[in-house]
Amino acid sequence: MESPKIKNEMYKMLTAAVLPDSAMQGNIIIRDYIRKMAPHSTREQTQGTIFPAPNFNPITDAQLLRGALQGISCEKDVLIDILTQRCNSQRLMIAEAYRDMYGRDLITDLKENLSHHFKEVMVGLMYPPASYDAHELWHALKGVDTEEKCLIDILASRSNMEIFQMKEAYLMQYNNDLQQDIDSETSGHFRDTLMNLAQGTRMEGYADPSTAAQDAMILWEACQQKTGEHKNMLQMILCNRMKQRLWIFQEFQNISGQDIVDAINECYDGYFQELLVAIVLCVRDKPSYFAYRLYNAIHDFGFHNKTVIRILIARSEIDLMNIRQRYKERYGKSLFHDIKHFASGHYESALLAICAGDAEDY
């Protein structure tokens, strides 16, 4: 089933500015993940909302978590205070200490004692970024219905290194090849573009602006002709010309007199169109793209919990602070305010702790 065209609201904004199934848990060695799946390498300046806690002691934190999980009623506030105030590498060290001290898996204990969306947040925080991306992709591909927007959000926004790490995690956790699953669960040019992105072979080195005009002409022809061959050329350029895409977009404007997002929206539809637009928007301003996706998830879908949780966790140590800023600039109200308005209980408290907030947000 194809989705409607992406809203013009997304373009206006950008131009203006539950985990591996329990059966798998025994096979996941947190100690190995600490070394192999550390937080994503990224060229972006880190402007997240979660930072390494000072005076960190994983043994003390493990003891507090064990006490909180042992009581008749789980002390959820303790879980929030610890897990949302430690960076990912610290949470992994807590899990290792917990296993060494009690012979138990912290993730298993969290899943057994918690429920619903609060459980998804707490458990999601316990996995390295690559493993969390792998989990989201697995359930997006293997759930009852394919979640195309999740595939778009992840694959359009991750770097080569992040994609390499998530593919390793995907294989380790599910004994499946990510690209093979994309090939079997999606179709058409949408599938071809996802497969291209999942290769993780974008040209991230030297950019040659001299070829931008030629590539822009190919893109313009692709928007005019719309043949299968032209669609292939369109996705190949958008997926592979990493460093020179901004030059290509400007040359496209010069040649056609039209912004490339407008051209894609006019010429294509469905998830293929949404994916192409997402690639363009992530190149231009990734925090603005995710601000739009959060606003859309909160307001247009009656608080789409999975999208909100995924973006907050995945971007918490990368650019969630930037996303918050774009959100408020565009929509007038803070992300903190909107989460508080639509969520409730300990689930609300956990999301707000990850989001963080300035004094005026309260």
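Counting of residues starts from 1 at the beginning of each chain's written sequence and follows it residue by residue. Two thresholds apply to this predicted model, a pLDDT of at least 70 for residue-level local features and 80 or more for giving and counting side-chain atom pairs, whereas whole-chain, interface and lining totals are computed over all residues. Calculated side-chain values reflect all of the structure's heavy atoms, with hydrogen atoms and water omitted.

A. Local environment of the overall build of the protein chain. Along the protein chain, the regular secondary structure elements total 22 helices and 0 strands. For the protein chain, the residues scored as buried account for 52% of the 362 residues in total. Note on areas: these come from Shrake-Rupley sampling with a 1.4 Å probe, and a residue is covered only by the protein chains present in the view. When the accessible surface of the protein chain is totalled, it reaches about 15700 Å², and 48% of it is carbon and sulfur. For helices the rule is a DSSP run of H or I covering at least 4 residues; for strands it is a run of E covering at least 2, with both sets numbered from the N terminus onward. Relative accessible area decides the class of each residue, using a 1.4 Å probe on protein chains only: under 20% of the type maximum gives buried, over 50% gives exposed, and in between gives partly exposed.

B. How the structure looks around helix α7 (residues 106-113). Within the sequence span of α7, burial applies to Leu 106, Ile 107, Asp 109 and Leu 110. Taken end-on, α7 shows its buried residues confined to a sector of 160°, consistent with a single buried face. Two N or O atoms count as a polar contact when they lie within 3.5 Å, although within protein this holds only if one can serve as hydrogen donor and the other as acceptor, and sequence-adjacent residues are included solely when both atoms are side-chain atoms. With a side-chain oxygen positioned 3.3 Å from the backbone nitrogen of Ile 107, the residue opening α7 is Asp 105. Throughout, the arc means the angular range of directions from the helix axis out to the C-beta atoms.

C. Layout of the nonpolar core. Residues grouped as a nonpolar core are buried Ala, Val, Leu, Ile, Met, Phe, Trp, Tyr and Cys residues, joined through side-chain atoms within 4.5 Å. If you look at the biggest cluster of nonpolar residues, it comprises 105 residues, and the most contacted ones within it are Leu 79, Met 122, Leu 238 and Leu 351. Here, residues are in contact when the closest pair of their heavy atoms is within 4.5 Å. Every residue in contact with Leu 351, bar those within four places of it in the chain, is listed here: Val 121, Phe 303, Val 308, Ile 309, Leu 312, Ile 339 and Ala 343.

D. Local environment of the environment of Glu 148. With respect to the helices and strands, Glu 148 occurs in helix α10 (residues 148-155). C-alpha of Glu 148 to C-alpha of Thr 186: the two residues are 38 residues apart in sequence and 8.6 Å apart in space.

E. How the structure looks around the environment of His 139. Looking at where His 139 falls in the secondary structure, it is placed in helix α9 (residues 129-142). On the basis of relative accessibility, which here comes to 21%, the residue His 139 falls in the partly exposed class. Along the sequence, His 139 and Cys 150 sit 11 residues apart, while their C-alpha atoms lie 9.4 Å from each other.

F. Highlighting the pattern of salt bridges. For salt bridges, the criterion is a side-chain nitrogen of Lys or Arg within 4 Å of an Asp or Glu carboxyl oxygen. Applying the stated criterion across every chain yields a total of 19 salt bridges. Residue Asp 61 is joined to Arg 86 by a salt bridge in which the shortest nitrogen-to-oxygen separation is 2.7 Å. One end of the pair, Asp 61, is in helix α4 (residues 58-70); the other, Arg 86, is in the loop between α5 (76-83) and α6 (88-102), and 25 residues separate them in sequence. Close ionic contact of Lys 340 with Glu 348 constitutes a salt bridge, the shortest N to O distance being 3.3 Å. Through salt bridges with shared partners, one network takes in Glu 136, Asp 153, Arg 293 and Arg 310.

G. Local environment of the packing of aromatic side chains. Any Phe, Tyr or Trp ring, taking Trp's six-membered ring, that has another such ring centre within 6.5 Å forms a pair; planes under 30 degrees apart are called stacked, those over 60 apart edge-to-face, and the others tilted. In total, this model carries 12 aromatic pairs according to the counting rule given. Taken together, a centroid distance of 5.3 Å and an interplanar angle of 70° make the contact between Tyr 289 and Phe 290 edge-to-face. You'll find Tyr 289 and Phe 290 in the same group, each marked buried. Ring-over charges, as used throughout, are those where CZ of Arg or NZ of Lys falls within 6 Å of the ring centre and within 35 degrees of the ring normal. Above the ring of Tyr 102, the side-chain terminus of Arg 66 is found at 5.6 Å from the ring centroid.

H. Examining the confidence of the model for the protein chain more closely. Across the chain, each position has a pLDDT score giving the predictor's confidence in that residue, from 0 to 100. In the predicted model, the protein chain carries a mean pLDDT of 82, and 81% of its residues have values of at least 70. Throughout residues 1-44 the model reports pLDDT below 50, and contacts reaching past four residues in sequence, or to other chains, amount to 127 contacts.

I. Layout of unusual backbone geometry. The phi dihedral of Asn 55 falls on the positive side, at around 55°, and the residue is not glycine. Tracing the backbone through its elements, the reader meets Asn 55 in the loop between α3 (30-36) and α4. The exposed category is assigned to Asn 55, whose relative accessible area is 80%. One non-glycine residue, Asn 175, lies in positive phi territory at about 55°. Within the fold, Asn 175 resides in the loop between α11 (160-174) and α12 (178-185).

J. Quick peek at the environment of Ala 297. As for its placement among the helices and strands, Ala 297 is situated in helix α18 (residues 270-300). Residue classification places Ala 297 among the buried positions, given a relative accessible area of 1%. Once the C-alpha coordinates of Ala 297 and Thr 307 are considered, the two residues, 10 residues apart in sequence, prove to be 6.4 Å apart. Apart from residues no more than four positions distant in its own chain, Ala 297 is found in contact with Gly 302, Phe 303, His 304, Thr 307 and Val 308.

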